[in-house]
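These are the residues of each chain, in order.
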Amino acid sequence: MSNTSVACIAFDERKVLIAHRNPGGQMGGRWEFPGGKVESGETDEEAIIREFLEEFGVDVKVGASVAETFFKHNDDIVALHAYQIFLPHNGMEKKFVLTEHSEYKWVELPEIPTLNFVDSDMLIFPFVAKFLADSISD
């Protein structure tokens, strides 16, 4: 059985929410789509809601599946499931309360490959870009 992680994709117009991980650990100091590990007995949706409450201090609603892939972390194969999420606000006027990240920002998709982004999230990046393009054209 593989481990599962979730990536949370929040759009605001044509921009997507990314967060800068605190220093330390293998992926410390890199940008990512927020998310984390799915705990034993949790659904993906429950993990997303818990992670956002713990890491940003807000309740989110979980939307459509955006992408699924697998990546290798140390010697484990990890399933990465990405979902669109809906935030109660954009974190600009009223700031999110960060526990695992030093900052967050809304960026246009072409900026993401220019940043020091975590490798696993770059695997789903093309799917995120297609999902956003499809949702804009609807």
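Our subject is the structure listed above.
Cut-offs applied
Residues numbered from 1 in each chain as written. Predicted model: local features only at pLDDT ≥ 70, side-chain atom pairs only at ≥ 80, totals over all residues. Heavy atoms only, no water. Helix = DSSP H or I, 4+ residues; strand = E, 2+ residues; numbered from the N terminus. Expected span 1.5 Å × (residues − 1). Buried < 20%, exposed > 50% of the residue type's maximum accessible area, 1.4 Å probe, protein only. Contact = heavy atoms within 4.5 Å. Pairing = 2+ DSSP bridges. Axes fitted to C-alpha atoms, helices over the stretch in contact; angles between N-to-C directions. Core = buried A, V, L, I, M, F, W, Y, C linked by side-chain atoms within 4.5 Å. Polar contact = N/O pair within 3.5 Å; in protein donor to acceptor, adjacent residues only side chain to side chain. Bend = angle between axes of the 7 residues up to and from the residue.

Enquirer: Please clarify how helix 1 (residues 44-56) should be interpreted in this entry.
Expert: At 3.6 residues per turn, the α-helix brings residues three or four places apart onto the same side. The first and last C-alpha atoms of helix 1 sit 17 Å apart over 13 residues, in line with the 18 Å expected at 1.5 Å per residue. Within the span of helix 1, buried status applies to Asp44, Ala47, Ile48, Arg50, Glu51, Phe52, Glu55 and Phe56. Close packing links the buried residues of helix 1 with strand 1 (3-9), strand 3 (15-21), strand 5 (35-37), strand 6 (61-73), strand 7 (76-86) and strand 8 (101-108). With its phi angle positive at about 75 degrees, Gly57 sits one or two positions after the end of helix 1.

Enquirer: Would you take a moment to explain the environment of Gln84 for this structure?
Expert: Along the chain, Gln84 turns up in strand 7. A C-alpha to C-alpha distance of 13 Å links Gln84 and Phe125, two positions 41 residues apart in sequence.

Enquirer: Please explain the sheet that holds strand 7 as it appears in this structure.
Expert: Consider a sheet: its strands pair through backbone hydrogen bonds, and that pairing is either parallel or antiparallel. If you trace the four strands from one edge of the open sheet to the other, you get 5-1-7-6, paired in mixed fashion. Every other strand in the sheet has two partners, leaving strand 5 and strand 6 as the edge strands with one partner each. Here the strands of the sheet are splayed against their neighbours by 20 degrees on average, with no regard to which way each runs. Alignment of strand 6 against strand 7, held across 10 bridges, turns out to be antiparallel.

Enquirer: What should I look at first to understand the pairing of strand 3 in this one?
Expert: Consecutive side chains along a regular strand alternate between the two faces of the sheet. Of all seven residues in strand 3, five are buried; the element is thus mostly enclosed. Note: strand 2 (residues 11-12) against strand 3, two bridges, orientation antiparallel. Counterpart to Phe11 in the pairing with strand 3 is Val16. Linking two consecutive strands that pair antiparallel, namely strand 2 and strand 3, is a turn of two residues; a positive phi of about 60 degrees is found at Glu13 within it. In the sheet, strand 3 pairs with strand 4 (residues 31-32) via two bridges, with the strands oriented antiparallel. Within strand 4, the residue paired with His20 across the bridge is Trp31.

Enquirer: I tried to follow the nonpolar core on my own but got confused; where do I start?
Expert: In terms of nonpolar packing, the biggest core is built from 23 residues, with Ile9, Val16, Ile18, Phe33, Ile112, Ile124 and Val128 touching the most fellow members. Those elements that provide at least two residues to this core are strand 1, strand 3, strand 6, strand 7 and helix 2 (119-137). When residues in this core are grouped by element, the largest group, five residues, is from helix 2. Aside from chain neighbours lying at most four places away, what touches Phe33 is Ala7, Cys8, Ile9, Val16, Leu17, Ile18, Ile112, Phe117, Asp121, Ile124, Phe125 and Val128. Core analysis: the next-biggest nonpolar cluster, separate from the first, contains 18 residues, Ala10, Ala47, Phe56 and Val58 among them.

Enquirer: Even after reading the chapter, I still don't get the side chain of His20, so can you show me in this structure?
Expert: Note that His20 resides in strand 3. Reaching out from His20, the side chain makes a polar contact with the backbone oxygen of Gly29 at a distance of 2.9 Å. Non-local contacts of His20, meaning those with residues more than four positions away in its chain, are made with Gly29, Arg30, Trp31, His101, Ser102 and Glu103.

Enquirer: Would you take a moment to explain helix 2 for this structure?
Expert: Between its first and last C-alpha atoms helix 2 spans 28 Å; for 19 residues at 1.5 Å apiece the expected length is 27 Å, and the two agree. Along helix 2, the sharpest kink reaches roughly 40 degrees, centred on Phe125 and followed within four residues by the proline Pro126. Residues of helix 2 that are buried: Ser120, Asp121, Ile124, Phe125, Val128, Phe131 and Leu132. Packed against the buried residues of helix 2 are strand 1, strand 2, strand 4, strand 6 and strand 7.

So yeah, pure geometry; function would need other evidence.
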